[in-house]
Amino acid sequence: MKRRKQERVRQLLLTGLLGIAAVIVIAAAIILVKGLFFQEPVDPRTVSVPEHVTVSLLTPNPYSRPQTPLEQVNGIVVHYVANPCTTAKENRNYFEQLKNQTGEDTTSVSSHFVIGLEGEVVQCVPLYEVAYASNDRNSDTISIECCHPDETGKFYDSTYQSLVNLCAYLCREFNLEAGSVIRHYDVTGKICPKYFVDNPDAWETFHKDVEAAIRAMK
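Residues numbered from 1 in each chain as written. Predicted model: local features only at pLDDT ≥ 70, side-chain atom pairs only at ≥ 80, totals over all residues. Heavy atoms only, no water.

### Quick word on the pairing of strand β2 (residues 75-80)
Burial within β2 is extensive, with six of its six residues counted as buried. Both faces of β2 are covered, namely the face carrying Gly75, Val77 and His79 and the face carrying Ile76, Val78 and Tyr80. Both β2 and strand β5 (residues 141-146) contribute to a ladder of six bridges, which runs parallel. Within β5, the position partnered with His79 by the bridge is Glu145. Inspection of the sheet shows β2 paired to strand β6 (residues 181-183) by three bridges, in the parallel sense. For Val77, the partnering residue across the bridge sits in β6 and is Ile182. (Buried < 20%, exposed > 50% of the residue type's maximum accessible area, 1.4 Å probe, protein only. Helix = DSSP H or I, 4+ residues; strand = E, 2+ residues; numbered from the N terminus. Pairing = 2+ DSSP bridges.)

The structure is reproduced here in C-alpha cells:
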C-alpha cells in the first residue's frame, strides 16, 4: 500500500514537472515568434539621420512644418519634384517660404528629405514629425523628394544612388523591408515619381538595389 502511494506521488510529481517544462517551452516559442515576426515599432525620435545629410529644418509653420508628431513609420514614399533642373536647396527654400502665405488660397506641401542633382541630401522635416507630401500616408511614412534634369523625371545616377542608400538606411533603422518603399503613385495614383511610374521595370530594379544595400549594411 505504501509503495503504491509513493509511486503515485512520483507520477504526480513527474506529470507536474512535465507540465511546467511544456509551459516554459511554449512561452519561449511565443517570445521567439514575436521577436521574429512582431517587432515593436521603432520610435522615430530615437533615429538619427546619416552624417552626410545636410540638416536644414524648416521653420515651424502651418503650411510645411506643422510639427504634428509622426509616432510610427510604416513606409517610405518616393517623389520627384516635377520641376526640372531645380536643386535640393531651391526646393527646400520653396517649402520654407510657404510660411509667409496669407489669405484663403494657401498651399501645404513639404518633404522630410530632398535629394539633389549631385546626390546631396537635405533634411527639411524631422523624422518624428509629419511632412505634407503623401496624402493619406502622411501620418505613417517618411517622404523623399528627388530632383531630376528633364521632363522624363529620370534621376541622375548620383541622385539615384543617394536615394537607394537613404532608403536602405531608413529601412534598417525602422525595421522595414524594401517592399515598404513605395511611390506617391501607389498612394493616390498621381504620376509621381514619373520615371518610376512610366517604367515599372526600373522601379523593380530600384527595389532590388535597395534590398542589396540593406543586406550590405547588416
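Next, the rest of the story.
### Quick look at the side chain of Asn61
Structurally, Asn61 can be placed in the loop between β1 (54-55) and β2. Look at Asn61 and you get buried, because its relative accessible area is 8%. Looking at Asn61, its side chain comes within polar contact range of the main-chain oxygen of Thr59, at 2.7 Å. Polar side-chain contacts of Asn61 include one of 2.9 Å to the side chain of Ser64. The residues contacting Asn61, other than those within four sequence positions of it, are Pro66, Leu98 and Lys99. (Polar contact = N/O pair within 3.5 Å; in protein donor to acceptor, adjacent residues only side chain to side chain. Contact = heavy atoms within 4.5 Å.)

### Brief notes about helix α3 (residues 157-173)
One full turn of an α-helix is made of 3.6 residues, so residues set three or four places apart face in the same direction. Taking 1.5 Å of rise per residue, 17 residues should cover 24 Å, and α3 covers 24 Å from first to last C-alpha, within 8% of that figure. Turning to α3, its buried residues number three or more, namely Thr159, Tyr160, Ser162, Leu163, Val164, Leu166, Cys167, Ala168, Tyr169, Leu170 and Cys171. (Expected span 1.5 Å × (residues − 1).)

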